[in-house]
Amino acid sequence: MQNNHTKEHLFKILVIGDLGVGKTSIIKRYVHQNFSPNYRATIGVDFALKVLNWDQETVRLQLWDIAGQERFGNMTRVYYREAMGAFIVFDVTRPASFEAITKWKEDLDSKLSLANGKRVATVLLANKCDQGGDVLTNNGIKMEQFCQENGFVGWYETSAKENINIDEAANCLVKHIIASENDMLQAEVPDTITPQLENDKGRTCSSCFRSQ
Amino acid sequence: MISVPPRSSKACCGGASHGSTGSGSGPGWSGPEPGAPGSATHSATNRQIQLDLHRTLTTNQHFSSPSSPALQQLRRVLLAFSWQNPAIGYCQGLNRLAALALLVLQSEEEAFWCLVAVVENILPPDYYTKQLLASQADQRVLKDFLSEKLPRLSAHLQLHSVDVSLVCFNWFLVVFVESLPSDLLLRLWDAFLYEGSKVTPIITQIGDHATPRSLREVVFRYALALFKYKEEDILKIQDGVEIHQYLRFFTKTITDGRRLTSIAFSDMNPFPGRLLRNRRVLHLQRLQAELQDLEDQQEEFLTENLTEILTENRRDDKELDVSEDEL
């Protein structure tokens, strides 16, 4: 139960949002520190791995780059399984991609929850901010309020092209994932270990812990 | 980089396309003029195609430049296809099939008919439609075959919770375009379009159920052969995440096309077409049942949410009433 220095976390993180909003570009920027204007369109799902040092622990993030076309939504249930966090991305130059945000959030929440029944931490990314934020300003959308109402733990204006806020957004998500993981561990303790027991051996509900 | 096409590819694609002319139910090739403008679906399709144009065969010189005429040809072929087959409209993945056809046939109309032939005659129905049912079923069939043909690998993947369909779904949907080095890809497409026709001539028997079966078999054979080719490498990796990382690119590292083809067509024998067909029917039925269940659950979730909101509103109303009373 005690954390030690060799502890390694593996978090599965989803990256979802409409077609062409820049999900792949954000991942490439975050993982490979580069950008290309023409990554090929993602079919189905693709993976990337990012390793972080976090408070002397190793955090491995498995990023799931999920195709944006609606018809692939049929398979999202399989893709979402056991994810611990998500980015939902829209393109600030395309209002329709912002309007789709609530649809993506609903899809996520209806198909995925943490072991304690809570929703997974989700960060909203307003991508391509280097090309102007007309969608946000023209509609007078109050993003903080929007995030609160829709259950996002935070939001960032990002640009994969100009490398704006990608690391910050990822750190925010990881912070919330670790917090929710700690929440779950603490919540489990009174249920699974009673003070009368001499040690941890009595714990029967090992599957509630993320051990993988 | 896709090389200059071998003559056989051109002959095959051409053969397939002529075979299909007239068999499609849609309006056919109508050139660049819009056929069904104005509708919301039409403009959504149009936009999605537009967004994918510069994200197709990005490493090929004909497609990599934003000003290349090939991109506009691709747009017209995909748009025409969406009118030809409104049930499919545009599905991501078709862009790669159409681009390959354009490269090999070098004619928009021929490429269009090739795309129609591949989607409507060679691949099973419902491969690209809204629910992608047949594509999903094929992945289950593949997993069945994997456990029979490569039991050690199948067990290894299972042990590390690796679901091969996450990677292979892609291969099947685009018939390996941009998943394999181009020389291997063209060899596979030759087999895909031509080998099957050796069993039952493609031109005369299009529409006959026996034909698509043998053609489809090629895709399964190659998928399994790819795993067999790199089986030892995959078995060495003892971490699920690392296996995922390996699987997403390993097909591009395969160099010996002759060996791959030999594995596909001899090591994978016997490969009875009837078994493939039966499995597919079975998995399609199961998938349909599961989808129905999911739809029911989804509805339940939405109703619950709605009830929650309504109860909350009612509570708010009551509180409001109370405070008004207090006033």
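Residues numbered from 1 in each chain as written. Chains lettered and ligands numbered in written order. Predicted model: local features only at pLDDT ≥ 70, side-chain atom pairs only at ≥ 80, totals over all residues. Heavy atoms only, no water.

1. Concerning the overall build of chain B
Part 1: Looking only at helices and strands, chain B has 15 helices and 0 strands in total.
Part 2: Per-residue burial over chain B gives 52% buried out of 327 residues.
Part 3: A separation of at least 24 residues holds for 78% of the contacts in chain B among residues at least 6 apart in sequence. (Helix = DSSP H or I, 4+ residues; strand = E, 2+ residues; numbered from the N terminus. Buried < 20%, exposed > 50% of the residue type's maximum accessible area, 1.4 Å probe, protein only. Contact = heavy atoms within 4.5 Å.)

2. With respect to helix α13 (residues 240–247) of chain B
Residue and element names in this part refer to chain B.
Part 1: Most of α13 sits inside the fold, with 7 of its 8 residues counted as buried.
Part 2: The set of residues buried in α13 consists of Gly240, Val241, Ile243, His244, Gln245, Tyr246 and Leu247.
Part 3: If you check the start of α13, you find a side-chain oxygen 3.1 Å away from the backbone N of Val241, and it comes from Asp239. (Polar contact = N/O pair within 3.5 Å; in protein donor to acceptor, adjacent residues only side chain to side chain.)

3. Notes on the interface of chain A and chain B
Part 1: Facing 34 residues of chain A, the contacting portion of chain B comprises 40 residues.
Part 2: Between chain A and chain B the total buried area reaches about 3300 Å² when both faces are included, carbon and sulfur atoms providing 53% of it.
Part 3: Per-residue buried area on chain A facing chain B is highest for Arg40, Ile43 and Arg71 of chain A; these three make up 23% of the total on that side.
Part 4: On inspection of chain A and its partner chain B, the count reaches 3 salt bridges. (Buried area = accessible area lost by both parts, 1.4 Å probe. Salt bridge = Lys/Arg side-chain N within 4 Å of Asp/Glu carboxyl O.)

4. Observations regarding the domain arrangement of chain B
Residues and elements named next belong to chain B.
Part 1: Taken domain by domain, chain B consists of domain 1 (40–122) and domain 2 (124–201 + 209–309).
Part 2: The straight-line distance from the C-alpha centre of domain 1 to that of domain 2 is 23 Å.
Part 3: Domain 1 puts 17 residues into the contact, and the matching count from domain 2 is 18 residues.
Part 4: Contact between domain 1 and domain 2 buries roughly 1600 Å² in total, counting both sides, with carbon and sulfur atoms accounting for 71%.
Part 5: Interface area lost by domain 1 to domain 2 is led by Arg96, Leu100 and Ile122, which between them contribute 40%.
Part 6: The tally of links from domain 1 across to domain 2 stands at 1 salt bridge.
Part 7: Linking Glu178 and Arg96 is a salt bridge whose minimum nitrogen-to-oxygen distance equals 3.0 Å.
Part 8: The tally of links between domain 1 and domain 2 comes to 3 residue pairs in polar contact (both at pLDDT 80 or more).
Part 9: Among the elements that line the side of domain 1 that touches domain 2, the one with the most residues is helix α5 (residues 94–105), at 5 residues.
Part 10: Looking at the side of domain 1 that touches domain 2, its residues break down into 12 nonpolar, 4 polar and 1 charged. (Domains from an automatic or database assignment. Nonpolar A, V, L, I, M, F, W, Y, C, P; charged D, E, K, R; others polar.)

5. Structural notes on the sheet that holds strand β6 (residues 154–157) of chain A
Part 1: The strand order across the open sheet built from 6 strands is β2-β3-β1-β4-β5-β6 (chain A), with neighbouring strands paired in mixed fashion. Looking at strand neighbours, the two that pair on one side only are β2 (45–54) and β6 of chain A, the edges of this open sheet. Across the sheet, the mean angle separating the axes of adjacent strands is 25° when strand polarity is ignored.
Part 2: Both strand β1 (residues 8–17) of chain A and strand β3 (residues 57–66) of chain A contribute to a ladder of 8 bridges, which runs parallel. Following the sheet pairing, His9 of chain A is matched in β3 of chain A by Val59 of chain A.
Part 3: Against the sheet, helix α1 (residues 23–32) of chain A makes contact with β1, β2, β3, β4 (85–91) and β5 (121–127) of chain A, and its axis sits at roughly 155° relative to β3 of chain A, the strand it touches most.
Part 4: The strands touched by α13 of chain B are β1, β2 and β3 of chain A; relative to β2 of chain A, the strand with the most contacts, the crossing angle is about 135°. (Pairing = 2+ DSSP bridges. Axes fitted to C-alpha atoms, helices over the stretch in contact; angles between N-to-C directions.)

6. What to know about the state of the cysteines
Disulfide: a covalent bond formed between the sulfur atoms of two cysteine residues.
All names here are of chain B.
Part 1: One pass over the full model with this rule turns up 0 disulfides over all chains.
Part 2: The thiol of Cys168 is not disulfide-bonded; the next cysteine sulfur, from Cys91, is found 17 Å away.
Part 3: Note on Cys168: relative accessible area 0%, which makes it buried. (Disulfide = S-S within 2.5 Å.)

7. Looking at the environment of Leu105 of chain B
All names here are of chain B.
Part 1: Position of Leu105 among the secondary structure elements: in helix α5.
Part 2: Overall, the relative accessible area of 6% leaves Leu105 in the buried class.
Part 3: Along the sequence, Leu105 and Ala44 sit 61 residues apart, while their C-alpha atoms lie 28 Å from each other.

8. Some words on unusual backbone geometry
Part 1: In this model, Asn269 of chain B is joined to Pro270 of chain B through a cis peptide bond whose omega is -5°.
Part 2: Structurally, Pro270 of chain B is set in the loop between α14 (257–267) and α15 (273–326).
Part 3: Even without being glycine, Lys128 of chain A reaches a positive phi, approximately 65°.
Part 4: Tracing the chain through its elements places Lys128 of chain A in the loop between β5 and α5 (134–138).
Part 5: One non-glycine residue with positive phi stands out, namely Leu132 of chain B, at about 50°.
Part 6: With respect to the secondary-structure elements, Leu132 of chain B resides in the loop between α6 (108–122) and α7 (133–149).

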